[in-house]
Amino acid sequence: TKHPHSPNRYMQQPMMMQPGMVMQPGMMMHPGGNVVMYQPKWGWEKLAERNGIFIKQKFDLLEAATGCERANKYEIFSIDQDGDKKGKAIFKAKEKSSWCARNCMRAHCRPFKVQVTNQDHVSEEIDGSNFLSLERDCTCTCLCLNRPVMEVKNVEKGANELIGKIRNPFLCCELGVDIYNQVEQKIYDIRGNCLQCGTCCACFPCENCQTVDFEIKNPTGEIVGTLQKRTKDCWKAAIGDADNFSMTFPTNATKEDKALLVSAILLLDFTYFEDNSKPQDNPAGPGI
């Protein structure tokens, strides 16, 4: 039985390459001379089939060398049973923001856009096409007043549909976001205790001091999924702020729920983990 998220799941039964046969778009040659037809998947199809995702932020050597925040870039993968990334990236995400916003504004105030695109190593039509659009406006927030909100839209195949919103609530001694669907109903919240090594000792590059655990809860308070921030490795953690995240989706999550949960990870990273050297953005601080 094929693993439900195996790339071979998208392929038809193999056939032998015959003399005179011409390779067509979508055909792939396997060892032994077998030819299979690859069936590409658009973003919503890929997301619906996943039980979790792994987000890898690209390490930026120039940012590490200069100390100036540059636009974030991420790769999004399937996960294996241990929560590690598996196979090739299925999506990429890239931030669009100004230098001034990234380097002069507080994390939970600055505006940004993030474009999530499909990745497909065979289909030219799908590869690089738009999937999701994330946008947060500049927000002047203070304590519980005027909390930041990020909108998430479906832009695949020319669509422009609101999926939902991610809010940064006023929290004391916790990290987290609230997730709302397109009709403003709260469907999940993500919370992490600030009394973890990964928040209290984030200046140290060791694995324990770079790991932060979160719980995904439904509106009744039941824990329905998990999220973990992980380090890349010691030397990269020592000189940069590129992070990895592993999330297990709730078992009953719809594809729209999953898109909002993926978007929530990016907002968490922007809010809490972009620059631990700034005291005003310290995750352990009150009222973030």
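As shown above, the structure is provided for reference.
Residues numbered from 1 in each chain as written. Predicted model: local features only at pLDDT ≥ 70, side-chain atom pairs only at ≥ 80, totals over all residues. Heavy atoms only, no water.

Asker: Explain the overall build of the protein chain here, please?
Answerer: Within the protein chain, the regular secondary structure consists of six helices and 15 strands. For the protein chain, long-range pairs separated by at least 24 residues make up 50% of all intrachain contacts whose partners lie at least 6 apart in sequence. (Helix = DSSP H or I, 4+ residues; strand = E, 2+ residues; numbered from the N terminus. Contact = heavy atoms within 4.5 Å.)

Asker: So what exactly am I meant to see when it comes to a positive patch on the surface here?
Answerer: A cluster of basic residues, K58, K73, K94 and K96, forms a positive patch on the protein surface. Here K94 lies in strand β6 (residues 85-96). Residue K94 is classed as partly exposed on the basis of its relative accessible area of 45%. (Patch = residues over 30% accessible without salt bridge, like charges linked within 9 Å, V, L, I, M, F, W, Y side chains within 5 Å. Areas by Shrake-Rupley, 256 points an atom, 1.4 Å probe, with all protein chains shown as cover. Salt bridge = Lys/Arg side-chain N within 4 Å of Asp/Glu carboxyl O. Lys, Arg positive; Asp, Glu negative; His and termini not counted. Charge placed at Lys NZ, Arg CZ, Asp CG, Glu CD. Buried < 20%, exposed > 50% of the residue type's maximum accessible area, 1.4 Å probe, protein only.)

Asker: Sorry, what's going on with the pairing of strand β5 (residues 73-79) here?
Answerer: Working note: regular strand, side chains alternate between the two faces of the sheet. Counting buried positions along β5 yields six of seven residues, so the element is predominantly enclosed. Bridge count between strand β4 (residues 52-57) and β5: five bridges; the pairing is antiparallel. Bridge assignment links Q57 to a residue of β5, and that residue is Y74. Between the end of β5 and the start of β6, which pair antiparallel, lie five residues, with G83 showing a positive phi angle near 85°. (Pairing = 2+ DSSP bridges.)

Asker: Honestly, the sheet that holds β4 in this entry has me stumped. Any pointers?
Answerer: Adjacent strands of a sheet form backbone hydrogen bonds with each other and so pair up, either parallel or antiparallel. Taken in spatial order, the twelve strands close into a barrel running β4-β5-β6-β7-β8-β9-β10-β11-β12-β13-β14-β15, and their pairing is antiparallel. Between one strand axis and the next, the sheet turns by 20° as a mean value, whatever way the strands run. As paired elements, strand β7 (residues 112-118) and strand β8 (residues 130-136) share six bridges and run antiparallel to each other. Paired with V114 across the two strands is L134, which belongs to β8. Of the strands in this sheet, β4, β5, β6, β7, β8, β9 (149-154), β10 (161-167), β11 (174-181), β12 (186-193), β13 (212-217), β14 (223-230) and β15 (244-248) touch helix α6 (residues 255-272), which is tilted by about 145° from β11. (Axes fitted to C-alpha atoms, helices over the stretch in contact; angles between N-to-C directions.)

Asker: Which parts of the structure should I look at to understand the packing of aromatic side chains?
Answerer: Pairs of aromatic rings are described using the distance from one ring centre to the other and the angle between the two planes. On inspection of all chains with the given rule, the structure shows seven aromatic pairs. A ring pair is formed by F112 and F270, whose centres lie 4.2 Å apart and whose planes are at 25°; its orientation type is stacked. Residue F112 is located in strand β7, and its partner F270 is located in helix α6; the two are separated by 158 residues in the primary sequence. On the basis of relative accessibility, which here comes to 1%, the residue F270 falls in the buried class. Ring pairs connect the aromatic residues F214, F245, Y272 and F273, which therefore count as one cluster. Over the face of the ring belonging to F77 we find K85, whose NZ or CZ atom lies 4.8 Å from the ring centre. Directly above the aromatic system of F273 lies the positively charged group of K229, at a separation of 5.1 Å from the ring centroid. (Phe/Tyr/Trp six-rings, centres within 6.5 Å; stacked < 30°, edge-to-face > 60°. Lys NZ or Arg CZ within 6 Å of the ring centre and 35° of its normal.)

Asker: Looking at this structure, I do not really get α6. What am I missing?
Answerer: Given 3.6 residues per turn, any residue in an α-helix points the same way as the ones three and four places further on. With 18 residues, α6 ought to run about 26 Å at 1.5 Å a step, and its terminal C-alpha atoms sit 26 Å apart, in line with that. α6 sits mainly inside the fold: 16 of its 18 residues count as buried. (Expected span 1.5 Å × (residues − 1).)

Asker: Hey, could you run me through the pattern of salt bridges in this one?
Answerer: This model, assessed by the stated rule, comprises 14 salt bridges. A salt bridge links E49 to K41; its shortest N-O distance comes to 3.8 Å. Residue class for K41 comes out buried when judged on its relative accessible area of 18%. Here E184 makes a salt bridge to K165, at a shortest N to O gap of 3.1 Å. One end of the pair, E184, is in the loop between β11 and β12; the other, K165, is in strand β10, with 19 residues separating them in the sequence. For K165, a relative accessible area of 17% corresponds to the buried category. Overlapping salt bridges, with partners in common, bring together E174, D178, K186, D189 and R191 in one network.

Asker: It is not clear to me how the side chain of R102 should be interpreted in this structure. Could you clarify?
Answerer: Looking at the secondary structure, you find R102 in helix α3 (residues 99-104). Put simply, R102 is tucked away with no salt bridge, and the nearest opposite charge, on E95, sits 4.8 Å away.

Asker: How should I be thinking about the pairing of β4 in this particular structure?
Answerer: β4 sits mainly inside the fold: five of its six residues count as buried. Pairing of β4 with β15 involves five bridges; the strand directions are antiparallel. Along β15, the bridge assignment pairs I53 with M247.

Asker: Please explain unusual backbone geometry as it appears in this structure.
Answerer: For residues that are not glycine, phi is negative in most cases, and the peptide bond is trans in most cases. Positive phi, normally seen in glycine, also occurs at K157, with a value near 55°. Structurally, the position occupied by K157 is in the loop between β9 and β10. Since its relative accessible area comes to 63%, K157 is described here as exposed. One non-glycine residue, E184, adopts positive backbone phi at about 65°.

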